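Remarks on the overall topology
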There are 2 protein chains.
Amino acid sequence: MRPLPLLLFLGFLPSVASAVALPRFPGPHARPRRGVGAAGAVRGYDYETRYFRQRLDHFSFREAEEGEGFFEQRYLVGRAGEWAGAGGPIFFYCGNEGDIAWFAANSGLVWEAAPRFAALVVFAEHRYYGESMPFGSKEKAYNNSKSLAFLTAEQAIADYAVLLTNLKRNLSSDGSPVVLFGGSYGGMLAAWMRLKYPHISVGAVASSAPILQFEDIVPSTIFYDLVSNDFKRESLSCFQTIKESWKALEDQGNGQDGLLKLSKTFHLCQTLKTTGELSDWLSSAYSYLAMVDYPIPSEFLMPLPANPIKEVCRNIDNQLDGTSNLERIYAGVNIYYNYTGTVDCFDLNDDPHGMGGWDWQACTEMVMPMSYSEDMSMFPTYKFDYSSYGEDCINSFGVRPRPQWITTEFGGHNISLVLERFGSNIIFFNGLLDPWSGGGVLKNISDSIVAIVAPLGAHHIDLRPATKEDPGWLVSLRESELDIISGWLSDYYGARGALFQRGAGSPRDSAAS
Amino acid sequence: MRPLPLLLFLGFLPSVASAVALPRFPGPHARPRRGVGAAGAVRGYDYETRYFRQRLDHFSFREAEEGEGFFEQRYLVGRAGEWAGAGGPIFFYCGNEGDIAWFAANSGLVWEAAPRFAALVVFAEHRYYGESMPFGSKEKAYNNSKSLAFLTAEQAIADYAVLLTNLKRNLSSDGSPVVLFGGSYGGMLAAWMRLKYPHISVGAVASSAPILQFEDIVPSTIFYDLVSNDFKRESLSCFQTIKESWKALEDQGNGQDGLLKLSKTFHLCQTLKTTGELSDWLSSAYSYLAMVDYPIPSEFLMPLPANPIKEVCRNIDNQLDGTSNLERIYAGVNIYYNYTGTVDCFDLNDDPHGMGGWDWQACTEMVMPMSYSEDMSMFPTYKFDYSSYGEDCINSFGVRPRPQWITTEFGGHNISLVLERFGSNIIFFNGLLDPWSGGGVLKNISDSIVAIVAPLGAHHIDLRPATKEDPGWLVSLRESELDIISGWLSDYYGARGALFQRGAGSPRDSAAS
């Protein structure tokens, strides 16, 4: 097994001409890079931190070395004081690719809705992230492809199933209905878990979950087309400036002292080694801006004003005549990377959290093809290529991607037809400003697998903590979600509830019923 | 990793007083032991044997040693000449714990029904059985717990999902509706696959699939109570003779030259080492007799007459006055083990096929608690004990069972309520003479998850090849199953079919629809 060079950002490939910067879910790597620490706050939600001894590999029975076959999964338990007690609902957040405390802090809906249903709140951390490290430490867990082997969505969902089963048993609360929540990749997990483990939950809120962003189910250009569109709708000239900037950047970079000049223009701490580094840094900013283009100020990824793309484009557009294209671009992204104005210079390779987990997942099963289209996009044309993508993964992790595995395991093609009579009780939320909505479920599949679409919403805005500035449509769609959840619970506790109780006591009833 | 002593029959434990003979699905170990070779016949069903390079571990991304990470899965393809061609239905049998050719020969319904629907027939072999051996040989695959690690239901179902996905692609027939079939353990796989991979099939026929035979969902005594009842309904005195035989057997065994005398009474080739060996041999006969208590002659496990329990009981009952209890028992089981009259002596440890696969599965995830009840059963009282069961597994395989894993992974508790609005298109067939019906789904769960129950049927009799002697109720219930399948296919090809076609061509349609 070859040693694994830990990549900080797989998207940081040599050149935009040869590869596209892979958008990432807003994980920890997207957190403030310098001088800003607010994202870790827990917003006053009280919880107890617990750990559960979890099996590393649910799907084989090889007896592992003592200890190595298990790891401690962290989970947070809150609203215990307001819980209905045994049999009461459990709101369970399916942790995604980062520290679970950060998702807990940014998923206010779960906390705020729980008391209305007297629900217990549980946030479970995803294996290989935060503190939930196999092999005793992050260093060992991320050591090589052998240690990373069990970082998969299927194993993570099985973790949640086992954790919930045990938790309910320990609470003497086997009858508790569980409502799953998740945003982004966590939303994919929530939806998939509802489909794969219907006996574990009564429903799932899958927010901004791009479960269709695989193979050719949606066009590979859709993500960046939507990013581009978010800029175009604010300002055509802003869109045009960005579209023209890539050539300007290459031209300057290829000129004499080009990389040095570029580094100065963009106030970088170190001199660029390639123009690709800068292109990726810019692409990332645009992508994340599109994800968090909220109508209210936020600190989810970075401290940002309301409608940040509008602000970025204002900075790009409103420069003195004669300001160069690249100077405008710098003025724009400065809003994203330095809204607080405290950054002296930018470190493109600064990843204080050193998370490589999503890169591994993207190189194994989470293969989401991403291209830049020629017409619709403000990015330089690029066509996703499975073969070169696969080679990058072999070089980076010594692992070969399985691009068709996710659709084999979880489906996706013709999803509405497959699920129309199969499955129930899933809310798919999407905000259309969010580029991940391109891979989302945007129409109702059945009476109980429903799509809630917010034309002016961005990445899982429904889950964010309520604020006084929330627009009416946001308040209203959150109420719709809670109404649906309320229906799931009433349904469970109603005619069904009685039967569940009987079934628990009398096995033959349940076998024969 | 300690070397693995290959067990021939886990049920062969020291004494019936300390453990119950675990009933097994009628796998190859239940095939004729001596002088009878008809079970391997293919009954004139023509098929092509093919092999598919299958991944050993679907759920981790550890790069295995070259070659070891894959194995050749055998599958049989038939009715190709009568297939409708691209887009036509595929009838897919989910292989169980044995040689797939044997299941193909004994699942006539699949072959006989296929031409009516112009369906292609595929029988896929279960990993670690027949020719589908990881690591290049059965010896290596069964070497130890490390090599056996990937012999699980989840991996087998994933094999089927991957095989089907690839097969359809290679046939340029992505739109083909797949109907899953399976009997016994294969029926469990078919049902679970329909639930876990709804995008891969349009429905499943799960015949005699005891998916509820886990934990406390059904009483642990139910299997042997049903075996006992099959004897009692034929003859109360027969039941009573068997019930009294265990003590007689122990008494004689504990007397002077007891084991020698017993060995002579039962015409054994070798002298018994313990009475438990004989008890298990007898228990197995009764269990298998109950499973194959068909109203017509059969050669599924052994060549047997119609209504074999009636014949066994006739032999037990109709002896001269003064015939001892054990001589009666011998006369009875002789019907089972030696109906053709060609056996000179019986070899209790003769397992020509040397299958240990199901024992491994029973020692890992397929933990089906089995007890002998005091009142209802003709067996000596025994209460299943997780702890001693687990110790046996550690001693035999170096592996610890996970008795709660199957219900965590696949559900089972309150199944009708969980699935009432979740899932669709499953037929659960059960014959009430079959002791496995105790763990089966016996009532409709919803409009499309239906139970077909044959009061006079035994183990997956519906799947067996049609014969001229089939009773009316059997002909009629097979027609019911085909009617339901026909409905699934019409449904698929009807309004849905058109949409499926459109979805395939236009990704945005399917994303948005």
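Within every chain, residues take consecutive numbers counted from 1 along the sequence as written. Chains and ligands are labelled by the order in which they are written, letters from A for the one and numbers from 1 for the other. Whole-chain, interface and lining totals are the exception, using all residues; otherwise, since this is a predicted model, local features are given only for residues with pLDDT of at least 70 and side-chain atom pairs are given and counted only at 80 or more. Each side-chain value is worked out from all heavy atoms of the structure, with water and hydrogens disregarded.

All names here are of chain B. Think of it in three bands: residues with accessible area under 20% of the maximum for their type are buried, residues over 50% are exposed, and the middle band is partly exposed, with areas taken using a 1.4 Å probe on protein chains only. Strands are runs of DSSP state E lasting at least 2 residues, helices are runs of H or I lasting at least 4, and numbering of each runs from the N terminus. Along strand E5 (residues 178-183), 6 of the 6 residues are buried, which leaves the element largely enclosed by surrounding structure. Residues of E5 alternate between two faces, with Val178, Leu180 and Gly182 on one and Val179, Phe181 and Gly183 on the opposite face, all of them buried. Relative to E5, strand E3 (residues 90-94) runs parallel, the two sharing 4 bridges. Across the sheet, the residue bridging to Tyr93 is Phe181, located in E5. For E5 and strand E6 (residues 203-207), the ladder comprises 5 bridges, and the chain directions are parallel. In the sheet register, Phe181 faces E6, and the bridge partner there is Val205. Think of it like this: strands point away, you trace from the first strand over the helix to the second, and a clockwise trace means the crossover is right-handed. Handedness of the β-α-β unit built from E5, helix H6 (residues 185-196) and E6 comes out right-handed. A pair of strands counts as paired when DSSP detects no fewer than two bridges linking them.

The copies were overlaid with a least-squares fit restricted to C-alpha atoms from residues scoring a pLDDT of at least 70 in each copy. Each copy superposes on the other: chain A lies on chain B with an RMSD of 0.0 Å after a rotation of 180° and an axial shift of 0.0 Å. What we have between these two chains is a two-fold relation. Should any heavy atoms of two residues lie within 4.5 Å, those residues are counted as being in contact. Looking at the interface residues of chain A, 100% of them are also at the interface in chain B, so both copies use one shared face.

Moving on, we come to the environment of Ile296 of chain B. Structurally, the position occupied by Ile296 of chain B is in the loop between helix H10 (275-291) and helix H11 (308-317). Sequence-distant contacts of Ile296 of chain B, defined by excluding residues within four places in its chain, comprise Pro305, Ala306, Thr467, Glu469 and Asp470 of chain B.

Now for the state of the cysteines. Residues and elements named next belong to chain A. To count as a disulfide, a pair of cysteine sulfur atoms needs to be within 2.5 Å. The final tally for this structure, using the stated rule, is 6 disulfides over all chains. Between the sulfur atoms of Cys238 and its disulfide mate Cys313 the distance is 2.1 Å. A torsion of -70° about the S-S bond marks the disulfide between Cys238 and Cys313 as left-handed. Note that Cys238 is positioned in helix H8 (residues 236-254) and Cys313 in helix H11 (residues 308-317), a separation of 75 residues in sequence.

Time to look at the packing of helix H8 (residues 236-254) of chain B against helix H9 (residues 258-265) of chain B. Residues and elements named next belong to chain B. The convention used is that axes are lines fitted to C-alpha atoms, helices contributing only their stretch in contact, and that angles between N-to-C directions extend from 0 to 180 degrees. Close contact between H8 and H9 brings their axes to 6 Å; oriented N to C, the two are set at 130°. Considering their axes alone, H8 and H9 lie oblique with respect to each other. Mapping the contact onto sequence places Leu249, Gln252 and Gly253 in H8 and Gly258, Leu259, Lys261, Leu262 and Thr265 in H9. Under the scheme applied, nonpolar residues are Ala, Val, Leu, Ile, Met, Phe, Trp, Tyr, Cys and Pro; charged residues are Asp, Glu, Lys and Arg; polar residues are all the others, including Gly. In the contact of H8 with H9, the residues fall into 3 nonpolar, 4 polar and 1 charged. Working definition: roughly parallel below 35 degrees, roughly antiparallel above 145 degrees, roughly perpendicular at 65 to 115 degrees, and oblique for all remaining angles.

The subject of this paragraph is the side chain of Ser446 of chain A. Looking at the secondary structure, you find Ser446 of chain A in the loop between strand E7 (426-431) and strand E8 (449-454). We define a polar contact as two N or O atoms separated by no more than 3.5 Å, with the added condition that, inside protein, one atom must be a possible hydrogen donor and the other a possible acceptor, whereas residues neighbouring each other in sequence contribute only through side-chain atom pairs. A polar contact is formed between the side chain of Ser446 of chain A and the backbone nitrogen of Ile449 of chain A, at a distance of 3.1 Å.

Okay, the pattern of salt bridges next. Residue and element names in this part refer to chain A. Just to be clear on terms, a salt bridge is a Lys or Arg side-chain nitrogen sitting within 4 Å of an Asp or Glu carboxyl oxygen. The final tally for this structure, using the stated rule, is 28 salt bridges over all chains. A salt bridge links Arg74 to Glu125; its shortest N-O distance comes to 2.6 Å. Placement of Arg74 in strand E2 (residues 70-78) and of Glu125 in the loop between strand E4 (120-124) and helix H3 (138-141) is noted, with a sequence separation of 51 residues between them. Judged by its relative accessible area of 6%, Arg74 is buried. A network of salt bridges, in which partner residues are shared, links Arg74, Asp99, Glu125 and Glu131.

Centre distance and the angle of the planes are the two values used to describe a pair of aromatic rings. Aromatic contacts are taken between Phe, Tyr and Trp rings whose centres are within 6.5 Å, Trp giving its six-membered ring; a plane angle under 30 degrees counts as stacked, one over 60 as edge-to-face, and the others as tilted. On inspection of all chains with the given rule, the structure shows 70 aromatic pairs over all chains. Judged by centre distance (5.0 Å) and plane angle (75°), the ring pair of Phe223 of chain A and Tyr224 of chain A falls under edge-to-face. This pair shows no difference in class: Phe223 of chain A is buried, exactly as Tyr224 of chain A is. Taken together, a centroid distance of 5.1 Å and an interplanar angle of 50° make the contact between Phe384 of chain A and Tyr389 of chain A tilted. Of the two residues examined, Phe384 of chain A and Tyr389 of chain A, each falls in the buried class. Whether a charge sits over a ring depends on NZ of Lys or CZ of Arg being within 6 Å of the ring centre and within 35 degrees of the ring normal. The side chain of Arg402 of chain A reaches across the aromatic face of Phe61 of chain B, ending 3.9 Å from its centre. Sitting over the ring of Tyr142 of chain B, Lys138 of chain B keeps its end group 4.8 Å from the ring centre.

All names here are of chain A. pLDDT is a per-residue confidence score from the predictor, ranging from 0 to 100. Looking at chain A as a whole, the pLDDT averages 87, with 86% of positions reaching at least 70. Low pLDDT, under 50, characterises residues 1-19; the stretch is placed with 59 contacts to residues that sit more than four places away or in other chains. In this model residues 499-513 is a low-confidence stretch, pLDDT under 50, and it forms 30 contacts with partners more than four residues away in sequence or in other chains. Across the interface, the model reports ipTM at 0.89; the global pTM reads 0.91.

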